[in-house]
Amino acid sequence: MKSTSDFLLDLQKQDIKVWVEGARLRCNAPKGMLTSELQAELTARKQDLIAYLQQQEQGALEETFPSIRPVSQTQELPLSWTQQRLWFLDRLEGGSNAAYNLSTVLEINGNLNVKALEQTLAEIIKRHEILRTTFKLVNGTPVQAIDPGLTVRLPVIDLQHYSEVEKASQARRLAIEEISRTFDLANGPLMRSSLLQLGSESHILLVTMHHIVFDGWSTAIFVKELSTLYQAFAKNLPSPLADLPIQYADFAVWQRQWLNEDILKPKLDYWKQKLAGTPPLLELPTDRPRPLVDSMQGDSETFQLSAEVTENLKNLSKRSGATLYMILLAALATLLFRYSSQKDIVIGSPIANRYPKETEPLIGLFINTLVLRINLEENPSFLELLTRVRQVTLEAYENQNVPFEKLVKELNVKRDLSRNPLFQVWYTLQNTAVEGLELTGLQVRSLEFENPTAIFDLEFILEYIPEGIKGRLRYKTDLFEASTIVQMLKSFQTLLQSIVEEPERRLSNLRLLTDEETGGYSIRSFPDAELSQNEFEKLMMEIAKISVQSL
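Residues numbered from 1 in each chain as written. Predicted model: local features only at pLDDT ≥ 70, side-chain atom pairs only at ≥ 80, totals over all residues. Heavy atoms only, no water.

Before going further, it helps to examine the sheet that holds strand S5 (residues 133-138). What the three strands build is an open sheet, ordered S3-S6-S5; its pairing is antiparallel. Either end of the sheet is taken by a strand with one partner, and the two such strands are strand S3 (77-78) and S5. (Pairing = 2+ DSSP bridges. Helix = DSSP H or I, 4+ residues; strand = E, 2+ residues; numbered from the N terminus.)

Turning to its location among the elements, Ser193 is positioned in strand S8 (residues 191-199). Exposure remark for Ser193: the relative accessible area of 15% places this residue in the buried category. (Buried < 20%, exposed > 50% of the residue type's maximum accessible area, 1.4 Å probe, protein only.)

The subject of this paragraph is the nonpolar core. Of all hydrophobic cores here, the largest spans 145 residues; its most connected members are Phe222, Leu313, Phe382 and Leu458. Considering each element in turn, this core owes the most residues, 14 residues, to helix H11 (residues 324-340). In contact with Leu458, other than residues within four places in its own chain, are Leu284, Leu336, Gln424, Val425, Trp426, Leu473, Arg474, Tyr475, Phe480, Ile485 and Met488. In terms of nonpolar packing, the next biggest core, distinct from the first, is built from twelve residues, Val105, Leu174, Leu447 and Phe449 among them. (Core = buried A, V, L, I, M, F, W, Y, C linked by side-chain atoms within 4.5 Å. Contact = heavy atoms within 4.5 Å.)

Residue-level pLDDT values for the protein chain average 88, and 89% of them are 70 or greater. Per-element mean pLDDT across the protein chain ranges from 53 in helix H15 (residues 533-550) up to 98 in strand S7 (residues 156-158). Scored below 50 in pLDDT, residues 546-551 shows zero contacts in the model against residues more than four places distant or in partner chains. (pLDDT = per-residue confidence, 0-100.)

To continue, consider the pattern of salt bridges. A side chain of one charge can pair with a side chain of the opposite charge when the charged atoms of the two come close. The final tally for this structure, using the stated rule, is 27 salt bridges. As a salt-bridge pair, Glu410 and Lys272 come within 3.5 Å of each other at their nearest N and O atoms. Of this pair, Glu410 sits in helix H13 (residues 404-410) while Lys272 sits in helix H9 (residues 261-274), and the two are 138 residues apart along the sequence. Owing to a relative accessible area of 31%, Glu410 belongs among the partly exposed residues under this scheme. Here the salt bridges do not stand alone but share partners, grouping Glu448, Glu450, Glu459, Glu463, Lys470, Arg472 and Arg474 into one network. (Salt bridge = Lys/Arg side-chain N within 4 Å of Asp/Glu carboxyl O.)

The subject of this paragraph is the pairing of strand S11 (residues 344-351). Taken across its eight residues, S11 has seven buried, putting it largely inside the fold. One ladder, built from eight bridges, connects S11 with strand S12 (residues 368-375); its direction is antiparallel. Paired with Asp344 across the two strands is Asn375, which belongs to S12.

You can see Ser103 is positioned in strand S4 (residues 101-110). Here Ser103 falls in the partly exposed class, since its relative accessible area comes to 32%. Through-space distance from the C-alpha of Ser103 to that of Arg192 is 9.5 Å; in sequence the pair is 89 residues apart. When near neighbours in sequence (up to four residues on either side) are disregarded, Ser103 contacts Ile179, Val207, Thr208 and Phe449.

If you want it as structure tokens, here you go:
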């Protein structure tokens, strides 16, 4: 049975929050994640969890975080570590790249109160100083500059005179143009919003922010406050939200003070040892040579796992004691191993990094990056690999407080304009933030318009939804053709099916191709070649590629 701390770490990665209120155990989980089995385990562990969490609250654990206090804004306000990395990258690119733009696009049907919506956006920006922040250079050092009274206007773009087909086309064009428009970090604003009017009761809200002031957790806060405030303002009621006790700048000052050398040294020592001798590049087979300077031009392809495969993955999670996040990470490492033949795979993955708990209601950039180094030596079975991945992941959680930028600096990683430092593949498993959004008298749903950029060679963005797991694979168009990515996603899905059927199989023997993709051939079709499953499937892929090129 897992230890209490390991169990809580598993819950954390699934965005399941557990806390003690008085003498009662409370839990909050994304829809579909709190299974009957997990509820039963929570009940069985209830007393241990309460004791552990109370001990944590009392500061009796080894590591505690001092509270964040408001700071005077008359002093120069530093950037957080993660902000400093994005600011540096923006300067390096000359502010000409939209790769770090984040967007929320909402389709709104019904009798929308535009004035109340504009008031709502203004109130959110008023509440969260980070949305009124720009970044200035003072004596060669970047600092935060907070605008005390930013005026907010919601421009309405009228598309009603177009035909229905043209409306959809124009809305898509405007959304992509907005998402692709760069920000000026020095002058701002770093949040933009506009409203497309397609009809008297049909609108699309476009909201774009620079990542330096926003992250994935912030999306959930933004959506929740949008819902709460609009419902109040549409009825001419005051804001029901309490004032925030601290702001992002307070966190940045706290982080710089708290993350000192004494605190960081043991964690930095862990990462230095863990990442010593990592390969500088994951040598995936690309369609084009890597350019000397990364253009960050990208595209993406999507897929969705069936409810059956998702359920089988969840069952494997229960049997193995690993989370769904860990299983999908191990599967991704297997895919990369099979494509590259490298046995030392490094993957980057985000973690919310919301500590202390005062940061939880704040919009801002808190996310940190975990560098997950996975050993695939000796061609283990998938279950053996899963044990390794679980250990790597839990150790990374325990040492998550080291800012990625600090880690890159301490490891003395050579800057290379053609690739990212330490890893080139990104992986995240997330839950939809817009689910459950309610606006009085309106029907609201989230729309997806892709930013045509890619920060990493490959970005596997998986999302847990009631129907299963859906995913998007974003890729650099400098390196890959769309057909290559489509095949990679097919291989990933076939691999997952093979894993749930035979998790005890060695990695090289797990299937990447369906019978249809191999044309009915198998290893037995080439008895004299003595091919492994991996070699056979690589041969089939090459034959398929040659066939496509000859058409």
